[in-house]
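# Survey of secondary and tertiary structure
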Protein chains: 4
Amino acid sequence: MNKKEAILSSALTLLTETGVHNTPMSAIAKAAGTGMGTIYNYFPHKDILINEIYVSIKEKEKSIFLAFDASKPVKTQFENYFTAIITFFVENPIYFKFMEQLQASPIITEESRNKGEESVVSVVKLLANGQKERIIKDIELDEILVFIGGAIMSYLRWHFNQTETKSSSLQNQINMTWDAIKE
Amino acid sequence: MNKKEAILSSALTLLTETGVHNTPMSAIAKAAGTGMGTIYNYFPHKDILINEIYVSIKEKEKSIFLAFDASKPVKTQFENYFTAIITFFVENPIYFKFMEQLQASPIITEESRNKGEESVVSVVKLLANGQKERIIKDIELDEILVFIGGAIMSYLRWHFNQTETKSSSLQNQINMTWDAIKE
Amino acid sequence: MNKKEAILSSALTLLTETGVHNTPMSAIAKAAGTGMGTIYNYFPHKDILINEIYVSIKEKEKSIFLAFDASKPVKTQFENYFTAIITFFVENPIYFKFMEQLQASPIITEESRNKGEESVVSVVKLLANGQKERIIKDIELDEILVFIGGAIMSYLRWHFNQTETKSSSLQNQINMTWDAIKE
Amino acid sequence: MNKKEAILSSALTLLTETGVHNTPMSAIAKAAGTGMGTIYNYFPHKDILINEIYVSIKEKEKSIFLAFDASKPVKTQFENYFTAIITFFVENPIYFKFMEQLQASPIITEESRNKGEESVVSVVKLLANGQKERIIKDIELDEILVFIGGAIMSYLRWHFNQTETKSSSLQNQINMTWDAIKE
DNA sequence: AATGAATGAGACTTCATTCAT
DNA sequence: GATGAATGAAGTCTCATTCAT
């Protein structure tokens, strides 16, 4: 079995369950079925372990957006994108919990954040396209991106707080977000 | 001199500057010009201190929304609200930094969160009104609220990351958010 | 009301209930209905307060033995003594709990112990008498005294551990102790 | 080298020398030649460390009584027992000091006490035998046991207070105790 | 005399990290 | 490479004592 994977996986579970500062490295080692020294063979220290988890989730996020169908209308592509990312996190609540807790944390380095931004490259292209076609509002892309990001995270936060989610809610969210950014 | 205020104030500064987990109680005591024991006279735990700061910011937030002018159009009221809350945090960056770091943290108790939600009561009323007049989309209030909250927080995050903010950006954000929620 | 008495009384209760090291001075002050400073007016520090309680109990103990009837047989006087002291502690369990916990503690000073020993003066006389009459074993008085003391304390310990005490047990204890020391 | 043993041993010395509440864990660590963390690897709390010492002494006590010679008269066996336990503590004054200080302390848990009581099983048997043969008074065994325990502890307390012990004193004590319990 | 907020030394305890095996 | 016992710096929190009111 791949020790490194086991460590990353156990760490993710524990960090989100108990919080970063209630998760000793010893607990991660135990859960991963390794010795504590082994963790330090792969990750020079705790922060690096956490950053690697962060980057790995961003990487998985990215892989979802690889296949936009450029022949489809911008709105369709956007809906697909929005649905895909929401679905990704809904199906992996643990990724969301991790991101929510660590997004704003000083533990995540500038470098990790930069790597993370690669995951939105294709979305940027889509929006730029939309602007060229005068479908998307003529606002700085950064600002729009951040707006969409906010819509995604807050929806997910709301989603995981509900005991029973209406199927219509995602469509509502897509509508709101699209209305927000469309010309 | 009010020791409790001094402690809350120093704690707020340090917690946001150095991060929750790099701020020992001893540092807070020193900055507040008190002994460590004094802090524990007022706040039985570090967590309680943090929660009190959280609630106190929410309280200040609330005081801003007291005076909506119900005679004005819903859109005007909404714009005023949005501008007011953004202005509040832009003028108090430290409050934003604190909220950003702790919003999703397990340190903040259910009780504190509930108290915090009182601050949006008037906004809920405004939105409900807007729905009755068919100006606001007919979507569950909770979902709209969360959407607006996401727009606010992500805008602020973006704002504080810029080196130079264009004056138009706030208006852009208001437009996007209004377009998102209007019928 | 006598503040000093209130402090001594509250301290006794709390010290026995929660243990010496789980009883802060602040708790004693609160229970006594005084400020913490007031305690320090009467007792320069915590240890002195505890020692005063020790001595005061010993004093009460002593007052019980004042009235031996020297005209009665030694055995009768001894039985009376033994019954009296046991009764004293059985009726004041809190005194016993205090003594049990602090008897061997380094907190109790040599001086307090010496004062405490005054309470056995009359017993010493009784035993000396008994030896002269060849009723009591010819063993150093100290050793006999300590033996009797052990019998008393261990009986009390046993007594307070029982849920239901047989009325015969005290008589048994008297018999054993008398048989032990009689010629 | 066995760290755990070193810790237990250093702790025993310091606890009895300086008293439970004047012995910080750091001092124990230092004396044991370990880091403080090492102590907590073996003993989750200070209290647990103390309880383990308690139990370990009781265990040693027990091992002394394993070899009663049932063919000898009850009185002989009793004298042997009494002499053995006194000798045990006289030769290990530190064990006595520890027991004296902690016997009645709320630090010692019910569980530890129960374990400790195993050490008297063989004495109980001896006494029961004695009662069957009508050599020992027909009093509840518990009460007799507690009486003997008191005789032992008080004798030892006296013993360690003397500057010079007469060799006859132990015999006196045995006589007193035997006279007390014999029919 | 009475008060109790303030103090800070020092207690207990945790846990990231090392290193000998 | 894998291990986990050992480490000790650093954290949170307690509480005896003081002193200005």
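Because the structure is predicted, anything quoted here is derived from the model rather than measured. (Residues numbered from 1 in each chain as written. Chains lettered and ligands numbered in written order. Predicted model: local features only at pLDDT ≥ 70, side-chain atom pairs only at ≥ 80, totals over all residues. Heavy atoms only, no water.)

## Focus on the UniProt feature "DNA-binding region" (unreviewed entry) in chain A
In this structure's numbering, the residues bearing the UniProt feature "DNA-binding region" (unreviewed entry) are residues 24–43 of chain A. From the first C-alpha to the last, residues 24–43 of chain A spans 14 Å; its make-up is 75% helix and 0% strand. (UniProt positions renumbered as here; feature names shortened; annotations may be inferred. Helix = DSSP H or I, 4+ residues; strand = E, 2+ residues; numbered from the N terminus.)

## Thoughts on the interface of chain A and chain B
Taken together, the 30 residues of chain A in the interface contact 31 residues of chain B. A buried area of about 2,600 Å², summed over both sides, lies between chain A and chain B, and 63% of it is on carbon and sulfur atoms. Between Lys137 of chain A and Asp179 of chain B there is a salt bridge whose closest N-O contact spans 2.6 Å. The interface formed by chain A and chain B includes five residue pairs in polar contact (both at pLDDT 80 or more). Every element with two or more residues in the side of chain A that touches chain B is listed here: helix H6 (93–102), helix H9 (141–161) and helix H10 (168–181) of chain A. Ranked by residues supplied to the side of chain A that touches chain B, first place goes to H9 of chain A with 11 residues. Residues that form the side of chain A that touches chain B fall into these classes: 12 nonpolar, 10 polar and eight charged. (Contact = heavy atoms within 4.5 Å. Buried area = accessible area lost by both parts, 1.4 Å probe. Salt bridge = Lys/Arg side-chain N within 4 Å of Asp/Glu carboxyl O. Polar contact = N/O pair within 3.5 Å; in protein donor to acceptor, adjacent residues only side chain to side chain. Nonpolar A, V, L, I, M, F, W, Y, C, P; charged D, E, K, R; others polar.)

## Some details on the protein's contact with DNA strand F
Surveying the vicinity of DNA strand F reveals 32 residues, the closest of which are Met36 of chain B, Met25 and Met36 of chain C together with Thr38 and Tyr42 of chain D. Put simply, 54% of the atoms of DNA strand F that lie within 4 Å of the protein are in sugar or phosphate. The contact in question runs from a phosphate oxygen of DNA strand F to an N or O atom on the backbone of Met25 of chain C, over 2.5 Å. Elements represented by at least two residues in the surface near DNA strand F include exactly helix H3 (36–42) of chain A, helix H3 (36–42) of chain B, helix H3 (36–42) of chain C together with helix H3 (36–42) of chain D. Looking at side-chain class alone, the surface near DNA strand F contains 12 nonpolar, 16 polar and four charged residues. (Near = heavy atom within 4 Å.)

## Description of the interface of chain C and chain D
In many reports, interface size means the accessible area that the parts give up when they come together. Listed per partner, the contact involves 30 residues of chain C and 31 residues of chain D. Here chain C packs against chain D, burying approximately 2,600 Å² in sum over the two surfaces, 63% of which is carbon and sulfur. Connecting chain C to chain D are two salt bridges. Elements represented by at least two residues in the side of chain C that touches chain D include exactly helix H6 (93–102), helix H9 (141–161) and helix H10 (168–181) of chain C.

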